[in-house]
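# Structure at a glance
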Amino acid sequence: MTARLNRAQPYAVGLFRIVVGLLFACHGAASLFGVLGGAGGSGQTVETGAWPNWYAAVIELVGGSLVLLGLGTRAASFISSGAMAYAYFKVHQPGGLWPMENNGEGAAMFCWAFLLLVFTGSGALGLDQLFARRSTTAGKPATEQTPVAA
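Procedures and definitions
- Residues numbered from 1 in each chain as written.
- Predicted model: local features only at pLDDT ≥ 70, side-chain atom pairs only at ≥ 80, totals over all residues.
- Heavy atoms only, no water.
- Helix = DSSP H or I, 4+ residues; strand = E, 2+ residues; numbered from the N terminus.
- Buried < 20%, exposed > 50% of the residue type's maximum accessible area, 1.4 Å probe, protein only.
- Contact = heavy atoms within 4.5 Å.
- Areas by Shrake-Rupley, 256 points an atom, 1.4 Å probe, with all protein chains shown as cover.
- Lys, Arg positive; Asp, Glu negative; His and termini not counted.
- Charge placed at Lys NZ, Arg CZ, Asp CG, Glu CD.
- Phe/Tyr/Trp six-rings, centres within 6.5 Å; stacked < 30°, edge-to-face > 60°.
- Axes fitted to C-alpha atoms, helices over the stretch in contact; angles between N-to-C directions.
- Parallel < 35°, antiparallel > 145°, perpendicular 65-115°, else oblique.
- Left-handed = near helix turned anticlockwise from the far one by under 90°.
- Nonpolar A, V, L, I, M, F, W, Y, C, P; charged D, E, K, R; others polar.
- Expected span 1.5 Å × (residues − 1).
- Core = buried A, V, L, I, M, F, W, Y, C linked by side-chain atoms within 4.5 Å.

## Quick notes on the overall build of the protein chain
- Counting its regular elements, the protein chain contains 6 helices and 0 strands.
- N-terminal to C-terminal, the α/β element order of the protein chain is α-α-α-α-α-α.
- With 150 residues in all, the protein chain has 32% of them scored as buried.
- Pairs at least 24 residues apart make up 62% of the contacts formed inside the protein chain by residues separated by at least 6 positions.
- Split by element, the accessible area of the protein chain, about 9500 Å² in all, is 67% carbon and sulfur.
- Taking the average place of the 8 positive charges on the side chains of the protein chain and the average place of its 6 negative ones, the gap between the two points comes to 18 Å.

Shown next as structure tokens:
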């Protein structure tokens, strides 16, 4: 049983990365474009250049999209984790000690989820894995190349 779970681990990490990246990108799109309920569910957008909301929304959209695609996952996750740590301590934590008190559960969960991805990488199903596979087979003669699954 453990061997099966170990073989499935890259796929589980890949699915985790896809879901976390999609949800994070949706937050950014909502804040920047007013879709999906808009910023804070108000249907509004954040003012361009407004600190820190506009910058956070850009990090959410770009970082979430990169993580979703599995492209530069570790770097995008590191920046996204830091942005959520900032959001928690500067925006939410002054409202109460615990995330349940200050509505900071989302920021805390995203922060830790992205920090995990910094250490695990993209897992399976990421573009960086595809590019890494292609770069290692590109340098080999045709007789030594390993087939890439479609």
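## Some words on the packing of aromatic side chains
- Following the criterion strictly, the structure yields 7 aromatic pairs and no others.
- Their ring planes at 55 degrees and their centres at 4.9 Å tell us that F24 and F110 sit as a pair that is tilted. In this pair, F24 sits in helix α1 (residues 2-33) while F110 sits in helix α5 (residues 105-120), placing the two residues 86 residues apart along the sequence.
- Note on F24: relative accessible area 1%, which makes it buried.
- An aromatic cluster is present here, built from W51, W54, Y55 and Y86 joined pairwise through their rings.

## Some details on the packing of helix α3 (residues 73-92) against α5
- Close contact between α3 and α5 brings their axes to 8 Å; oriented N to C, the two are set at 155 degrees. In terms of their interaxial angle, α3 and α5 are classed as roughly antiparallel. The handedness of the crossing between α3 and α5 comes out as left-handed. Together, T73, R74, S77, F78, S80, S81, M84, A85, A87, Y88 and H92 of α3 and A107, A108, F110, C111, F114, L115, L117, V118, F119 and T120 of α5 make up the contact between the two elements.
- A breakdown of the residues in the contact of α3 with α5 according to their chemical character gives 14 nonpolar, 6 polar and 1 charged.

## Considerations on the environment of T48
- By the element assignment, T48 lies in the loop between α1 and α2 (53-69).
- Between the alpha carbons of T48 and H27 there is a distance of 16 Å; along the sequence they are 21 residues apart.

## So, α5
- The end-to-end C-alpha separation of α5 is 22 Å, in line with the 22 Å expected for 16 residues at 1.5 Å each.
- The set of residues buried in α5 consists of A107, A108, F110, C111, A113, F114, L117 and V118.
- Looking at the buried residues of α5, the elements they touch are α1, α2 and α3.
- Downstream of α5 by one or two residues, G121 has phi in the positive range, about 80 degrees.

## Some details on the nonpolar core
- In this structure, M84, F110 and F114 are the most contacted members of the largest nonpolar core, which totals 15 residues.
- Taken together, the elements giving at least two residues each to this core come down to α1, α3 and α5.
- For this core, the leading source of residues is α5, giving 7 residues.
- When neighbours within four sequence positions are excluded, F110 is seen to be in contact with V20, L23, F24, H27 and M84.

## Digging into the environment of G21
- Residue position: G21 is located in helix α1.
- The sequence separation of G21 and G43 amounts to 22 residues, and the corresponding C-alpha distance is 22 Å.
- When sequence neighbours within four positions are dropped, the list of residues in contact with G21 reads G64, S65, V67 and L68.

Everything listed here is a matter of geometry and, on its own, says nothing about what the molecule does.
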